[in-house]
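# Remarks on the overall topology
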Amino acid sequence: MQKVQAYINKNKQRFLDELIEILKIPSISADPDYKDDVFKTADYTAEKLKAAGAENVEICQTAGYPIVYGDKLIDPALPTVLVYGHYDVQPPDPLELWTTGPFEPVIKPTKVHPDGAIFARGSADDKGQFYMHVKAFEAMIAEDALPCNVKFMIEGEEEVGSDNLGVFCQANKEKLACDMVMISDTSIIANDCPSISVGLRGLSYLEVEVTGPNRDLHSGVYGGAVANPINILCKMIASMHDENNHITIPEFYDDVAEVTKAERKAMNEAPFDIHAYKDDLDIFQVRGEKGYTTLERTSIRPTLDVNGIWGGYIGEGAKTVLPSKAFAKISMRLVPNQSSDKITEIFTKHFKKIAPKSVKVQVRPHHGGEPAVTPTDTVEYKAAAKAMKTTFGKEPIPQRGGGSIPIVALFEEVLGVKSVLMGFGLDSDGLHSPNEHYGLFNYYKGIETIPYFFQYYAEMKQ
Ligand code: BES
Ligand code: MN
Ligand code: MN
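Described in the following lines is the structure provided in the data block.

One open sheet accounts for four strands, arranged E12-E14-E10-E15; its pairing is antiparallel. Strand pairing shows two members of the sheet lacking a second neighbour, strand E12 (303-311) and strand E15 (360-369), which therefore form its edges. Sheet twist, expressed as the average angle between the axes of neighbouring strands with direction ignored, equals 20°. Pairing geometry for strand E10 (residues 202-211) and E15, over eight bridges, is antiparallel. Looking at E15, one finds that Val-208 is bridged to Val-363. Lying over the sheet, helix H6 (residues 229-238) contacts E10, E12, strand E14 (325-334) and E15, oriented at roughly 15° with respect to E14.

Below is the structure:
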């Protein structure tokens, strides 16, 4: 292990330079204008996997963006770890809120990253994180210290729902056969407080359209007599939470798994500074479902949020118009044992039911994903915890997260394996926000920790 760590130390600058190169490519999967760049990022990823020592490297085409595969199978008697990550990123807009270009990486210190953080879209989510695995793998190969089999699967459609990955997994069960999946695409509590994610929320995402009159109207001539679809939509949305911030859609909570008192107690013992939280967000007060703490609201409870809303006149100055249409994108975060399809269905039914006769409504489902919880009493989890303990000097805290990685539930269903979510980012790194960044401390800590994980896992699994 010493040799592996020495190799990492010696190559630190190059490891960073390579990450910077990949961060320069705008692999925005949601925007068709960036199609070529997404494909280019797949090529770059494949090239780097090969250079690190992976065999059977393949750019697997799908109906959407390719999945990059590579492996190093040293002995069928040894366990196999499938490393999953994604090379696609979220759109960077609003661009004007970035202090430097989203695809022109720069390193700057921040309050929580005094040693510097690399600012770029995808730096923490997930290029910086999956690339730690490529570099840790390179170090283990270079020092002839890889203790088990590894397969890599890095996809390009995570940020748009991983639809084709599900198909790919179904069709390639043999190729992807493994004992566990390792994913670094989540956060730790703080740089001096390591944690391992043991839960992800599911997601149901849809778009609604409310139509009033058949054309935009003069709001003086018709206003007051014809339904304004924006007014109506706002009212419909507002009605979906009650005064306790409970969601009012019938049956919405039917399948929600209640978490035991003991579990909730343990969950709330994790370090969490509500003052720092509010400070960071510039808010005077948090807000959420009555009866639950902030940590609970963002992990074990489902939510309903409007992600975008538009319609009518939003240009310069004023235009007195009674619009014909109003739209919103709405997402619901789900917890065990809610089903994404069922929630989409009951939302649709409810939304249609509460629409007044003066408007017509349409609901279009986007992507979804199922929630997942991962156990802590497994060899996989224990190896990850021991690795973090070794490099952070502190036992990591198991913590359920609020984000979604739909493929985790699919891995379980299709490949029959559990995942370990050993991420190294911070929630405050600006994922999906302007000025996303990833601490250099976190990048290097990840590269340093991963080889320990492999070593402990191979030892414990024997
Ligand atoms: N890496 C995130 C998920 C995440 C972030 C989990 C932080 C836990 C902590 C992932 O890339 C992501 O953004 N997923 C999407 C879902 C997807 C279907 C668009 C999400 O959570 O919104
Ligand atoms: Mn991610
Ligand atoms: Mn993301």
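Picking up after the structure, the text goes on.
Before going further, it helps to spend a moment on the coordination of the manganese ion (ligand 2). Around the manganese ion (ligand 2), the protein contributes the donor atoms His-86 (NE2), Asp-125 (OD), Asp-185 (OD) and Asp-185 (OD), which lie 2.0 to 2.3 Å from the metal centre. Here the manganese ion (ligand 2) binds six donor atoms, and the angle range of 57 to 166° at the metal identifies the geometry as irregular. Separating the manganese ion (ligand 2) from the manganese ion (ligand 3) is a distance of 3.6 Å, and Asp-125 supplies a donor atom to each of them. Separated by 99 residues along the polypeptide, His-86 in strand E3 (residues 80-86) and Asp-185 in the loop between strand E7 (180-183) and strand E8 (187-188) bring together distant segments of the chain. Pair check on accessibility: His-86 and Asp-185 agree, each one buried.

Time to look at the nonpolar core. The biggest cluster of nonpolar side chains holds 66 residues, and the ones touching the most others in it are Val-81, Met-422, Tyr-443, Phe-453 and Phe-454. Of all the elements, helix H13 (residues 440-461) adds the most residues to this core, at 11 residues. Counting residues in each nonpolar core, the second largest holds 29 residues, with Val-208, Ile-249, Leu-304 and Ala-328 among its members.

Taken as a whole, the second largest pocket holds about 300 Å³ of empty space. Forming the walls of the second largest pocket are 19 residues, and the residues nearest its centre are Ser-340, Asp-341, Gly-368, Gly-369 and Glu-370. Those elements that provide at least two residues to the lining of the second largest pocket are helix H5 (163-171), E10, helix H10 (340-354), E15 and helix H12 (407-415). Taken together, domain 1 (2-200 + 372-461) and domain 2 (202-256 + 302-369) each give at least three residues to the lining of the second largest pocket, which thus spans both.

A word on the coordination of the manganese ion (ligand 3). Ligation of the manganese ion (ligand 3) by protein atoms is provided by Asp-125 (OD), Glu-159 (OE), Glu-159 (OE) and His-432 (NE2), these donors lying 2.1 to 2.5 Å from the ion. Around the manganese ion (ligand 3) sit six donor atoms, and with donor-metal-donor angles ranging over 55 to 154° the site reads as irregular. All donor residues of the manganese ion (ligand 3) come from one chain, and their arrangement in sequence is D-x33-E-x272-H.

Strands pair in a sheet through their backbones, by hydrogen bonds, and they do so in one of two ways: parallel or antiparallel. Taken in spatial order, the three strands of this open sheet run E4-E5-E20, and their pairing is antiparallel. Of all strands in the sheet, those with a lone pairing partner are strand E4 (106-108) and strand E20 (437-439), marking the two edges. Taking the axes of each pair of neighbouring strands and ignoring which way they run, one obtains an average angle of 30° across the sheet. As judged from the three bridges shared by strand E5 (residues 117-119) and E20, these two strands associate in the antiparallel manner.

Spanning 14 residues, helix H11 (residues 379-392) covers 20 Å between terminal C-alpha atoms, matching the ideal 20 Å at 1.5 Å per step. Every buried residue belonging to H11 is among Glu-380, Tyr-381, Ala-383, Ala-384, Ala-385, Ala-387, Met-388, Thr-391 and Phe-392, and all of these are buried. Turning to H11, the residues buried within the fold contact E7, E8, strand E9 (195-200), strand E17 (397-400), strand E18 (419-421) and H13. Positive backbone phi, at 75°, marks Gly-393, one or two positions downstream of H11.

So, about the pattern of salt bridges. Pairing between side chains becomes possible if they bear opposite charge and their charged atoms approach one another. For the structure shown, the criterion picks out 19 salt bridges. Arg-14 serves as the salt-bridge partner of Glu-138, at 2.6 Å between the closest nitrogen and oxygen. Here the residue Glu-138 occupies a position in helix H4 (residues 127-142), and Arg-14 occupies one in helix H2 (residues 12-23), the gap between them amounting to 124 residues. Exposure remark for Glu-138: the relative accessible area of 8% places this residue in the buried category. Take Arg-14: its relative accessible area is 30%, and that puts it in the partly exposed class. When the shortest N-O distance is used, the salt bridge between Lys-342 and Asp-255 registers 2.9 Å. One end of the pair, Lys-342, is in helix H10; the other, Asp-255, is in the loop between H6 and helix H7 (261-268), and 87 residues separate them in sequence.

A separate point is the site of ligand 1. Around ligand 1, the surrounding shell holds 17 residues, and the nearest of these are Glu-158, Asp-185, Arg-333, Ser-404 and His-432. Contacts to ligand 1 include Asp-125, whose side-chain N or O atom sits 3.0 Å from an oxygen atom. Coverage of ligand 1 by the protein amounts to 91% of the 520 Å² it exposes when considered alone. Classifying every residue of the shell around ligand 1 gives five nonpolar, seven polar and five charged.

Scoring rules and cut-offs
Residues numbered from 1 in each chain as written. Chains lettered and ligands numbered in written order. Predicted model: local features only at pLDDT ≥ 70, side-chain atom pairs only at ≥ 80, totals over all residues. Heavy atoms only, no water. Pairing = 2+ DSSP bridges. Helix = DSSP H or I, 4+ residues; strand = E, 2+ residues; numbered from the N terminus. Axes fitted to C-alpha atoms, helices over the stretch in contact; angles between N-to-C directions. Contact = heavy atoms within 4.5 Å. Donors = N, O, S within 2.8 Å, 3.2 Å for Na, K, Ca; no water. Tetrahedral: all angles 85-135°; square planar, octahedral: opposite > 155°, others 65-115°. Buried < 20%, exposed > 50% of the residue type's maximum accessible area, 1.4 Å probe, protein only. Core = buried A, V, L, I, M, F, W, Y, C linked by side-chain atoms within 4.5 Å. 1 Å grid on protein atoms, 1.4 Å probe; cavity = no way out; pocket = protein on both sides within 12 Å on 5 of 7 lines; lining within 4 Å. Points joined across faces, edges and corners; volume = space filled by probe spheres on them. Domains from an automatic or database assignment. Expected span 1.5 Å × (residues − 1). Salt bridge = Lys/Arg side-chain N within 4 Å of Asp/Glu carboxyl O. Near = heavy atom within 4 Å. Polar contact = N/O pair within 3.5 Å; in protein donor to acceptor, adjacent residues only side chain to side chain. Areas by Shrake-Rupley, 256 points an atom, 1.4 Å probe, with all protein chains shown as cover. Nonpolar A, V, L, I, M, F, W, Y, C, P; charged D, E, K, R; others polar.

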